[in-house]
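An overview of the molecular structure
Spelled out, the chains give:
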There are 2 protein chains.
Amino acid sequence: MKILSMLLRRRQWTCNSTFLFFVFFAGQRCISQAAAKIDVDFDYDGPLMKTEVPGPRSRELMKQLNGIQNAEAIHFFCNYEESRGNYLVDVDGNRMLDLYSQISSIPIGYSHPSLMKLLQQPQNLSTFVNRPALGILPPGNFAEKLKDSLLSVAPKGLNQVVTMSCGSCSNENAFKTIFMWYRVSKYYCLLFDYFSNVSCCLAATHSKAIHKLDIPSLDWPMAPFPRLRYPLEEFVKENRQEEARCLEEVEDLIVKYRKKKKVVAGIIVEPIQSEGGDNHASDDFFRKLRDIARKHGCGFLVDEIQTGGGCTGKFWAHEYWGLDDPADVVSFSKKMMTGGFFHKEELRPNAAYRIFNTWMGDPSKNLLLAEVMNVIKREDLLNNATHAGKVLLTGLLDLQALYPHLISRARGRGTFCSFDAPNDATRTKLIAIARNKGVVLGGCGDRSIRFRPTLIFRDHHAHLFLNIFSDILADFK
Amino acid sequence: MKILSMLLRRRQWTCNSTFLFFVFFAGQRCISQAAAKIDVDFDYDGPLMKTEVPGPRSRELMKQLNGIQNAEAIHFFCNYEESRGNYLVDVDGNRMLDLYSQISSIPIGYSHPSLMKLLQQPQNLSTFVNRPALGILPPGNFAEKLKDSLLSVAPKGLNQVVTMSCGSCSNENAFKTIFMWYRVSKYYCLLFDYFSNVSCCLAATHSKAIHKLDIPSLDWPMAPFPRLRYPLEEFVKENRQEEARCLEEVEDLIVKYRKKKKVVAGIIVEPIQSEGGDNHASDDFFRKLRDIARKHGCGFLVDEIQTGGGCTGKFWAHEYWGLDDPADVVSFSKKMMTGGFFHKEELRPNAAYRIFNTWMGDPSKNLLLAEVMNVIKREDLLNNATHAGKVLLTGLLDLQALYPHLISRARGRGTFCSFDAPNDATRTKLIAIARNKGVVLGGCGDRSIRFRPTLIFRDHHAHLFLNIFSDILADFK
């Protein structure tokens, strides 16, 4: 069992600059001079490793859980009581800088004092204990809490919002909303232009091949997401061609399906195709896709389940597109703490119970979200994401220049960054080494490593990561 | 605006018997001599009405919410802070005996002291604030809490459990589990023998016709649920014939679909077909259905989303059947506070990520559920449901004898009772009148009124309801 904490603790972090400065040792080492400092008082000041991860206690618990359900996907077991800010603590006492944040679903870090305080206020207890059937018997403050939370960040032009309990219900009910609005024929289908991380929907699951295996699904057309070259600025012409090819295929599919008497009722797309491998496309691509949707009378659904909530530097990633005609529907979950979707007024269901289930979300999540919104505004966390993201991406590009055999296609918007490893095996190994050095990373696509830190991930966290990771790359065999 | 509280308060409730005794006044009135007493100290002692329901404040909030989403299904707005035990308080200060309990999803009443206490314990705060991605990074006590809660009531023979965020995800992933286990052909489909209250699943939504309108779905066969005559004891022969007809159709469908090269991978059934109108079938029917599933190699999924959690007098309604070979999968949600499903070990997915999404449930719900289990055991609430249910059903049968033009097909198991009104209009009117007299009821099917009280609904609550309802029936025009 390696004791890494000493190694990590020995380094002296000093934070005196937001500009990342690399010192090159014969092209082999790359150490950031900028470093970690606590600027959020509840955050820890760095990783602290005591065992390999998963450690002995995690392994024991895995065995125990595996008796109850397939536990092979478990990374390790966590001590959430001890986890704070950007740091996830495991049951073996290891404290790791978390750049994955529960698959991008922890908005303002672990155990944020504002949220802990909220739970301690006696007037809030009832909301956590008495979960209502929101569609028929909402609490008196339901609309008010929606206004404080979701509607305070409603995408332009979308003034209707419906909450759901999870991401898959959000997309499914967003589909239903589009189908009900479309309603011209019995032959509906939806054009997917994405790989969603939706797991439930029998028709829309495409995140990992294993999710779809053996599952029946509807004959819904799937268009290719552009496969661009990075950095985007350097391959403008090639990328424009690739995007044109994909847009053409979208129109071809609509026509082809129409001939099969299957009308495409809607187009769904993620601003950054996340589970599919963090694939980006230009703002122009999305504007043209929106135009195609309008031209063919299709609803335009933007899936912001992973990109939403501020991590790209704007609250919704699709704000970057500057659409004249807003999206028709925008779905969300994860960092928003509740699932759900916004939509335009014209897509409003024309009768009660058309979009309905027992819980329709959870007011306790709206309560937490309203407080998260306060923190985001108070601490200017969108600008923070832009800034810290720039530090992170600049560092990744520098590492890519140094280690092109290990890092390619470094890309990102805000802190929503990623790069490609040469293959799945190297990717998996890099993630495992990083974890043992006190950094939690996640994979996506067939060889990408994605960054999904919380919104309180700051410049010094980026420097801290880059320092650790440059050592890893230097030593990588 | 009617002031009903005086009227209701005037009656003297005395509880001296668990036996329901009716005094008949010329066949017109029917008053229970048994009556309400507080036996759970946090419960209120009766309804208290101040306005019509929905009252002026509710109407105002409806208008406000309707600007944000279609609010036409809203009954009224609630004051959950003031709601306690069996009593739901609305924003106009009306206190109603709640026999619907948020579509059967409040297990031990509103603001139960044990749950309120749980929220106040500092060591539990983190669980409500730090929601993990359970499939990869569960908390250290995850398996332990599953054992304290769900596994402590696992159906016989089903030692595997997976949690989900809501009812529709529970059924969808239960389907997926069966499909993955079946895996013999590309032509899967599932035989439905039920009307589910699942709203998300594009293929499985059948609760209200309005849910399905305009939504594409898979070609999955649907078998008829027996339409029995009640009381079951009086129509044994006719009912046996009806059940035989339905079972025959199930086998016919399996064969018919096989000929279409669509193999039936599983059969799904509710122990009491709930949203479809509280249709019962004999234990023998279900045993035979299970036999058919085994004979044709289909998975057998029992949907206990509405029937589970103790309201029928057993923790799972299908325990009444006395199956030799247990169900393969049992899905749950609502009263269980978390969605999910149990399954046999042989249906275990053979790889990681096959059943997966970001949240995979919510540990804060498992924490609440573990405490609910303690209360159920401590207060012997299953026996309570049997007993109070008997009082309720006996009373309904007596009312049926008195008012056959208004009440028919009174039926039930435990407190999971219902009766038919002559038509939808009368049903709707009866529910509205009852609400204004301080009793919340729900409808199901095309003319049924269903009872879905909490597990702390006791004999005296049944008497209280019966007194109020007999007055309503006597006065009904």
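Residues numbered from 1 in each chain as written. Chains lettered and ligands numbered in written order. Predicted model: local features only at pLDDT ≥ 70, side-chain atom pairs only at ≥ 80, totals over all residues. Heavy atoms only, no water.

Chain A is annotated in an unreviewed UniProt entry as 4-aminobutyrate aminotransferase from Sphenodon punctatus. Entered under Cofactor (unreviewed entry) in the UniProt record, the comment concerning chain A runs "pyridoxal 5'-phosphate". (UniProt positions renumbered as here; feature names shortened; annotations may be inferred.)

All names here are of chain B. Burial of the side chains of strand S9 (residues 329-332) extends over both faces: Val-329 and Ser-331 are buried on one face and Val-330 and Phe-332 on the other. Relative to S9, strand S8 (residues 299-303) is paired through 3 bridges, and the arrangement is parallel. Across the sheet, the residue bridging to Asp-303 is Ser-331, located in S9. Examined bridge by bridge, S9 and strand S10 (residues 339-343) share 4 bridges and lie antiparallel to one another. Bridge pairing in S10 links Val-329 to His-343. (Buried < 20%, exposed > 50% of the residue type's maximum accessible area, 1.4 Å probe, protein only. Helix = DSSP H or I, 4+ residues; strand = E, 2+ residues; numbered from the N terminus. Pairing = 2+ DSSP bridges.)

Turning to the pattern of salt bridges, a few remarks are in order. Pairs may arise between side chains of opposite charge once their charged atoms sit close together. All names here are of chain A. A full pass over the atoms with the stated rule returns 46 salt bridges over all chains. Glu-379 is paired through a salt bridge with Arg-458; the nearest N and O atoms lie 3.0 Å apart. Of this pair, Glu-379 sits in the loop between helix H11 (363-378) and helix H12 (381-402) while Arg-458 sits in the loop between strand S15 (448-450) and helix H14 (459-475), and the two are 79 residues apart along the sequence. When the shortest N-O distance is used, the salt bridge between Asp-420 and Arg-409 registers 2.8 Å. Here Arg-409 lies in strand S11 (residues 408-413) and Asp-420 lies in strand S12 (residues 416-420), a separation of 11 residues in the sequence. Here Arg-409 falls in the buried class, since its relative accessible area comes to 14%. (Salt bridge = Lys/Arg side-chain N within 4 Å of Asp/Glu carboxyl O.)

Looking now at the nonpolar core. Within the largest apolar cluster, 176 residues are counted, with the highest numbers of intra-cluster contacts made by Phe300(A) and Phe300(B). Excluding anything up to four places from it in sequence, Phe300(B) contacts Ile267(B), Val269(B), Phe286(B), Leu289(B), Arg290(B), Ala293(B), Trp321(B), Leu323(B), Ala327(B), Asp328(B) and Val329(B). (Core = buried A, V, L, I, M, F, W, Y, C linked by side-chain atoms within 4.5 Å. Contact = heavy atoms within 4.5 Å.)

This part covers the pairing of strand S10 (residues 339-343) of chain A. Along a regular strand, successive side chains alternate from one face of the sheet to the other. Residue and element names in this part refer to chain A. S10 sits mainly inside the fold: 5 of its 5 residues count as buried. In terms of strand pairing, strand S5 (residues 160-164) meets S10 through 5 bridges, oriented antiparallel. Bridging across to S10, Gln-160 finds its partner in His-343. Between strand S9 (residues 329-332) and the antiparallel strand that follows it, S10, lie 6 residues; Lys-334 among them carries a positive phi value of about 50°.

Now for the relation of the copies chain B and chain A. Each copy superposes on the other: chain B lies on chain A with an RMSD of 0.0 Å after a rotation of 180° and an axial shift of 0.0 Å. The symmetry that links the two subunits is that of a two-fold axis. (Least-squares fit on C-alpha atoms with pLDDT ≥ 70 in both.)

Further remarks concern the packing of helix H4 (residues 113-120) of chain B against helix H5 (residues 122-129) of chain B. When two helices pack together, their arrangement is given by the angle between their axes and by how far apart the axes lie. Residue and element names in this part refer to chain B. The contact between H4 and H5 brings their axes to 6 Å, and the two run at 90°. Considered as vectors, H4 and H5 are oriented roughly perpendicular to each other. Facing H4, whose interface residues are Leu-118, Leu-119 and Gln-120, H5 presents Pro-122, Asn-124, Leu-125 and Phe-128. Here the contact of H4 with H5 is built from residues that sort into 5 nonpolar, 2 polar and no charged. (Axes fitted to C-alpha atoms, helices over the stretch in contact; angles between N-to-C directions. Parallel < 35°, antiparallel > 145°, perpendicular 65-115°, else oblique. Nonpolar A, V, L, I, M, F, W, Y, C, P; charged D, E, K, R; others polar.)

Residues and elements named next belong to chain B. At a closest axis distance of 10 Å, the pairing of helix H9 (residues 236-259) and helix H10 (residues 283-295) adopts a crossing angle of 15°. Judged on the interaxial angle alone, H10 and H9 are roughly parallel. Viewed along their axes, H9 and H10 form a crossing whose handedness is right-handed. Residue-level inspection shows Glu-243, Cys-246, Leu-247, Val-250, Glu-251 and Ile-254 of H9 in contact with H10, the latter providing Phe-285, Lys-288, Leu-289, Ile-292 and Lys-295. Split by residue class, the contact of H9 with H10 holds 7 nonpolar, no polar and 4 charged. (Left-handed = near helix turned anticlockwise from the far one by under 90°.)

A few words on the sheet that holds strand S3 (residues 87-89) of chain A. Residue and element names in this part refer to chain A. Here 3 strands make up an open sheet; going across it, the order is S3-S4-S13 and the pairing mixed. In the strand order of this sheet, the two ends are held by S3 and strand S13 (439-440), each with one partner. Looking at chain direction, S3 and strand S4 (residues 95-98) are connected through 3 bridges and run antiparallel. Each residue of the ladder has a partner; that of Leu-88, found in S4, is Met-96. This element, H14, spans S3, S4 and S13 of the sheet and lies at about 110° to S4.

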